[in-house]
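Examination of the molecular architecture
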Amino acid sequence: MRAAKVTMIVQAVIDILQRFVVTCILLFLILPMIAITIGSFGDSWFGTILPSGYTVRWYQELLSPGIYRDALIRSLIIAFIAVVLSAAIAVPTVYAVYFSESERLKRVFDYVLVIPIAIPPLVIAIGTLQSFDTAWFGPNGAWYLIVAGHLVLTLPFMLSSVMVNMESIDYQRMEEAADSLGASGYHKTVKILLPNLVPGIISGSLMVFARSLSEYEFSLFLSTFQMRTFPVILYEAFQRETGFTSAATAVIIYATMLSILGLMLLSERRGWKPQL
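Residues numbered from 1 in each chain as written. Predicted model: local features only at pLDDT ≥ 70, side-chain atom pairs only at ≥ 80, totals over all residues. Heavy atoms only, no water.

With that settled, the discussion passes to the overall build of the chain. For the chain, the count of helices and strands is 13 helices and 0 strands. Mapped in sequence order, the helices and strands of the chain form the string α-α-α-α-α-α-α-α-α-α-α-α-α. Counting across all 276 residues of the chain, residues that qualify as buried make up 33%. Taking the contacts inside the chain whose residues are at least 6 apart along the sequence as the reference set, 74% of them involve residues at least 24 apart. (Helix = DSSP H or I, 4+ residues; strand = E, 2+ residues; numbered from the N terminus. Buried < 20%, exposed > 50% of the residue type's maximum accessible area, 1.4 Å probe, protein only. Contact = heavy atoms within 4.5 Å.)

Below, the structure written as structure tokens:
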């Protein structure tokens, strides 16, 4: 009996500690978001618990014509191009690796997936400056060099997401079934492969888009004054002003990502099944 009571007490203490740690982690993540949201509406905020006044001026500056909106549109276009190119590259690449019997090719694929972690954007930016600073590739800061750099940094996220998707649906079995029914290559690609990879492509697209939109180090090195991306503009504004514009931007990004997450959860509730 005594041993059972000790075990119960120990388990209760462990449960309390676990809840305490989880609560601290949640507060650590949520409190800055709350402070940023409040700050985005603040007129001034120095040495007080709450802002001394409230305004929507920072949102108006972001959405009105000017350097903020131009940089935001520029970054959105670059992120969109990165998403399209990464999806176009990832699907055939993952298909080839998935059906390949070469262990060397699969190891190379695994190495590519760790590029965003193993190689800092700063290193890639310096390498790009040294490698493509020629008349043939055009001047540094050209939009296609920035897109290429973003593609290198974000492609592994799309590759990983699509590969996990393909492995989870056991596509090899599905393709064998389609072959036994006499399906053509076009039918297998358009009617079976792509529809079943939609969840992976959507998940990868969200990660690629978010990563490209928030990329700062690479863009700072390669962008010129006319091609400055949104994170670069925000950092400059934060140095000049109080950072309220950056806070407003963060709130808009939070709201957008939460909306997309809500749509994804809604689609999952409706149910999704592999198509054959």
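A word on the packing of aromatic side chains. Each pair of aromatic rings is reported with the distance of its centres and the angle of its planes. Evaluation of the coordinates by the stated rule reveals 2 aromatic pairs. Note on Y95 and F99: the rings are 4.8 Å apart at their centroids and 50° apart in plane angle, and the pair reads as tilted. With Y95 and F99 both in helix α3 (residues 67–99) and 4 residues apart, this pair spans about one turn of that helix. A residue is classified by how much of its surface remains accessible, and F99, at 29% relative accessible area, is partly exposed. Ring geometry for Y98 versus F99: centroids 5.1 Å apart, planes at 85°, classification edge-to-face. What links up through ring pairs into an aromatic cluster is the set Y95, Y98 and F99. (Phe/Tyr/Trp six-rings, centres within 6.5 Å; stacked < 30°, edge-to-face > 60°.)

Within soluble globular proteins, side chains that are nonpolar tend to cluster in buried spots. With 25 residues, the main nonpolar core has V94, V162, M166, Y171 and L197 as its most contacted residues. Put simply, the parts of the chain that give this core at least two residues each are α3, α7 (143–168), α8 (171–180), α9 (185–196) and α10 (198–214). At 8 residues, α3 tops the list of elements feeding residues into this core. Those residues in contact with Y171 that lie beyond four places of it in its chain are Y95, Y98, F99, M166, K188, I192 and L193. Ranked by size, the runner-up nonpolar core spans 12 residues in total, among them L62, Y68, A71 and L234. (Core = buried A, V, L, I, M, F, W, Y, C linked by side-chain atoms within 4.5 Å.)

For the chain, per-residue confidence averages 78 on the pLDDT scale, and 88% of positions sit at 70 or higher. Considering each helix and strand of the chain separately, the mean pLDDT is smallest for helix α13 (residues 244–270), with a value of 72, and largest for α3, with 87. (pLDDT = per-residue confidence, 0-100.)

Once that is clear, we can look at the packing of helix α4 (residues 103–113) against α7. Their axes nearest at 8 Å, the elements α4 and α7 cross at an angle of 125°. When the axes of α4 and α7 are compared, the pair comes out oblique. Here F109, V112 and L113 of α4 lie close against α7, whose contacting residues are P156, L159, S160 and M163. Across the contact of α4 with α7, the residue classes break down as 6 nonpolar, 1 polar and no charged. (Axes fitted to C-alpha atoms, helices over the stretch in contact; angles between N-to-C directions. Parallel < 35°, antiparallel > 145°, perpendicular 65-115°, else oblique. Nonpolar A, V, L, I, M, F, W, Y, C, P; charged D, E, K, R; others polar.)

Side-chain pairing between opposite charges can occur once the charged atoms of the two side chains come close. The full count for this structure, using the stated rule, is 1 salt bridge. Across the pair R211 and E215 runs a salt bridge, and its minimum N-O distance is 2.4 Å. The exposure class of E215 is buried, given its relative accessible area of 3%. (Salt bridge = Lys/Arg side-chain N within 4 Å of Asp/Glu carboxyl O.)

Before going further, it helps to examine α7. Along an α-helix, a turn takes 3.6 residues, which lines up residues three or four apart on a common side. Over its 26 residues, α7 runs 37 Å from end to end, which matches the ideal 38 Å to within 8%, given 1.5 Å per residue. Phi turns positive, to about 55°, at D170, one or two residues after α7. (Expected span 1.5 Å × (residues − 1).)

The next thing to look at is the side chain of S205. Within the fold, S205 resides in helix α10. Accessibility expressed as a relative area gives 16% for S205, which makes it buried. Those residues in contact with S205 that lie beyond four places of it in its chain are V83 and M158.

Further remarks concern a nonpolar patch on the surface. Taken together, the side chains of F20, V21, V22, I25, L26, L27, F28, L29, I30, L31 and I34 present a nonpolar region at the surface, about 1,100 Å² in accessible area. Here I25 lies in helix α1 (residues 2–40). With relative accessibility at 46%, the residue I25 sits in the partly exposed group. (Patch = residues over 30% accessible without salt bridge, like charges linked within 9 Å, V, L, I, M, F, W, Y side chains within 5 Å. Areas by Shrake-Rupley, 256 points an atom, 1.4 Å probe, with all protein chains shown as cover.)

All right, on to the side chain of T229 then. Its place among the elements puts T229 in the loop between α11 (217–222) and α12 (230–240). Judged by its relative accessible area of 1%, T229 is buried. The contact partners of T229, leaving out residues within four places of it in the chain, are A71, S75, I78, E215 and S219.

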